[in-house]
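Breakdown of the fold
Residues per chain, in single letters:
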Amino acid sequence: MTSVEPERPRPLLAASSRRWVRLLPWGLAFVLCVSLLPTTIRVLTVDYGLNAGVASLLAVAQAAPLLLAVTRPLLAWYVVFAADVAGALALLSAEYGERQEWPFPPMQIVGYIGLCLALGMRESRRTLVLVWLATAGANVGLLYVAPDRVNDRSVLLMILGGVTLLITGVLRERHEVQRRLTEQETISEAERGRRTLLEERARIARELHDVVAHHMSVITVQADTAEYRLAELPPEVRGEFTSIAATARESLGEMRRLLGVLRNEETHGEVAPQPDLAQIGQLVAATERAGGPVEFTPCDADVPEAVGLSAYRIVQEALANVVRHAPGAATRVSLSDGGDGLTVLVVNGPPPELRAAPLEQSGTGHGLVGMRERVRLVDGTFEAGPLPDGGFRVAAHLPLNGKDTG
């Protein structure tokens, strides 16, 4: 049977990305410890006349736990609280002057306030309330045994300790709320990106379903009508065409059963023929009507349907981004056939200075996710990014011998 090792507590501010912030609690605790330890011994022995051994023991118990407070502030408080109460009782045997303070000398108040800072940064609201109530109860109890002619500092410790616990506790809870909001925003943005990616993949799958279904239907019809269109077919060839038609129908049915779930009642219009290079000119004309000058260089290359559809969607999204983020900007759309693939280039300049503000001040970049999916579909390459003059460039190379469902 294996034992689970308990998790070691993390130091205060250990989650900070800055090294000096992570070291700050250790530095403050060290300074308080090394300064309060000898001071406490001297004050208790010289000013209060306490036995040197007792004074040293009390000083160690009151100052040394401040180092422990960096990792375990509540445990340190137990030790310091007990030592402070014990010290107050030990001072009852001292000879007091008119200005000597009881039950807590100044150095003990300083150490206790430093401990309250650590408690407020780590412990829950309920624990902080219980700590203050214990402090107040101890101070009230000590009032009943207070010696004459001393300056009573019990109320001061209650007030300073309570204020310190309150302020640090509120700041810690505020920081925790902001951290959780930031994490939630990061998770929400990642979920939006993931949802956009899945939606774009589903849309691509539906379009590919239409493209493949069209070609499989053509194969089925050609195979079924071969014996009527071609005279004097040998029996074995006629049987081969029959087998091809049956296989095509079976494949088409399997594909529709697998991909049909991607359709819903809102996507009936997608059974129409999908757009290709010939329809890109219509996108350009629509963008010009929206108020943006567009220079268009068409390409009459004969490309597979998947490549043509991807090119159309890339130009469509790029022009939509121009209208949203840089209305009125001069835009250039270029299609070119390099022999091994189709190059799609959409470049826009900065929006006119006197133009109204963009329709969207900021974007999520989800449109670029869809464009990258289109390019990856056909094993192409994709680049997109801002230009030095304030414009934006989208470039895609779609190989003609890559993945093709046509």
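Residues numbered from 1 in each chain as written. Predicted model: local features only at pLDDT ≥ 70, side-chain atom pairs only at ≥ 80, totals over all residues. Heavy atoms only, no water.

Overview of unusual backbone geometry
Positive phi, close to 60°, is recorded for Leu13, a residue that is not glycine. The residue Leu13 is located in the segment before α1 (19–47) in this model. Assessed through its relative accessible area of 34%, Leu13 is described here as partly exposed. Backbone geometry at Asp379 places phi at a positive 60°, although glycine is not the residue there. (Helix = DSSP H or I, 4+ residues; strand = E, 2+ residues; numbered from the N terminus. Buried < 20%, exposed > 50% of the residue type's maximum accessible area, 1.4 Å probe, protein only.)

Observations regarding the nonpolar core
Ranked by internal contacts, the top residues of the largest apolar core, which has 32 residues, are Leu44, Tyr112 and Leu115. When contributions to this core are tallied by element, the ones reaching two or more residues are α1, α2 (52–63), α4 (73–90), α5 (106–122), α6 (125–143) and α7 (154–229). Residue contributions to this core peak at 8 residues, all from α5. Sequence-distant contacts of Leu115, defined by excluding residues within four places in its chain, comprise Leu66, Ala69, Pro73, Ala76, Trp77 and Val80. Within the second largest apolar cluster, 29 residues are counted, among which are Ala306, Leu319, Val344 and Val346. (Core = buried A, V, L, I, M, F, W, Y, C linked by side-chain atoms within 4.5 Å. Contact = heavy atoms within 4.5 Å.)

Remarks on the pairing of strand β7 (residues 392–399)
Here strand β5 (residues 341–348) runs beside β7; their pairing, made up of 8 bridges, is antiparallel. Across the sheet, the residue bridging to Gly341 is Pro399, located in β7. Relative to β7, strand β6 (residues 381–386) runs antiparallel, the two sharing 6 bridges. Within the sheet, the bridge partner assigned to Ala384 lies in β7 and is Val394. (Pairing = 2+ DSSP bridges.)

Structural notes on empty space enclosed by the protein
This structure, assessed with the given rule, holds 2 cavities of 30 Å³ or more. Estimates place the volume of the largest cavity at around 60 Å³. Looking at the largest cavity, the residues that line it are Leu36, Thr40, Gln62, Ala63, Val80, Asp84, Met107, Gln108, Gly111 and Tyr112. Of all the elements in the fold, those that place two or more residues in the lining of the largest cavity are α1, α2, α4 and α5. (1 Å grid on protein atoms, 1.4 Å probe; cavity = no way out; pocket = protein on both sides within 12 Å on 5 of 7 lines; lining within 4 Å. Points joined across faces, edges and corners; volume = space filled by probe spheres on them.)

Comments concerning α5
Along its 17 residues, α5 runs 25 Å from first to last C-alpha, staying within 8% of the 24 Å computed at 1.5 Å per residue. Among the 17 residues that make up α5, 12 are buried, leaving the element largely enclosed by the rest of the structure. (Expected span 1.5 Å × (residues − 1).)

Topic: the confidence of the model for the protein chain
One rule of thumb: low pLDDT means the predicted coordinates there are not for detailed reading. With 82% of its residues at a pLDDT of 70 or more, the protein chain shows a mean pLDDT of 80. Low confidence marks residues 265–271, where pLDDT is under 50. Its contacts with residues over four positions away, or in another chain, come to 6 contacts. In the predicted structure, residues 354–364 sits below a pLDDT of 50 and forms 15 contacts with residues beyond four places in sequence or in another chain. (pLDDT = per-residue confidence, 0-100.)

Quick word on the packing of α4 against α5
Relative to each other, α4 and α5 sit at 155°, their axes nearing to 10 Å. The angle between α4 and α5 places the two elements in the roughly antiparallel class. Note on packing geometry: the crossing formed by α4 with α5 is left-handed. Contacts between α4 and α5 pair Pro73, Leu74, Ala76, Trp77, Val80, Phe81 and Asp84 from the former with Gln108, Tyr112, Leu115, Ala118, Leu119 and Arg122 from the latter. (Axes fitted to C-alpha atoms, helices over the stretch in contact; angles between N-to-C directions. Parallel < 35°, antiparallel > 145°, perpendicular 65-115°, else oblique. Left-handed = near helix turned anticlockwise from the far one by under 90°.)

Brief notes about the packing of aromatic side chains
Each aromatic ring pair is specified by the distance between its two centres and by the angle formed by the two planes. Counted under the stated rule, the structure contains 2 aromatic pairs. Note on Trp77 and Phe81: the rings are 4.9 Å apart at their centroids and 20° apart in plane angle, and the pair reads as stacked. Of this pair, Trp77 and Phe81 are both found in helix α4, 4 residues apart, which corresponds to roughly one turn of the helix. Taking the relative accessible area as the measure of exposure, Trp77 reaches 6% and is therefore buried. By the ring-pair criterion, three or more aromatic residues cluster together here, those being Trp77, Tyr78 and Phe81. (Phe/Tyr/Trp six-rings, centres within 6.5 Å; stacked < 30°, edge-to-face > 60°.)

Quick notes on the pattern of salt bridges
In total, this model carries 6 salt bridges according to the counting rule given. Glu189 is the salt-bridge partner of Arg192, the closest N and O atoms lying 2.5 Å from each other. Taken together, the residues span about one helical turn, with Arg192 and Glu189 both in helix α7 at a distance of 3 residues. Arg192 sits in the partly exposed class, given a relative accessible area of 33%. You can call Glu189 partly exposed: its relative accessible area is 30%. With its nearest N and O atoms 3.5 Å apart, the salt bridge here joins Arg393 to Glu383. Within this pair, whereas Arg393 is found in strand β7, its partner Glu383 is found in strand β6, the two being separated by 10 residues in sequence. Here the residues in one salt-bridge network are Glu176, Arg179, Arg180 and Glu183, joined through shared partners. (Salt bridge = Lys/Arg side-chain N within 4 Å of Asp/Glu carboxyl O.)

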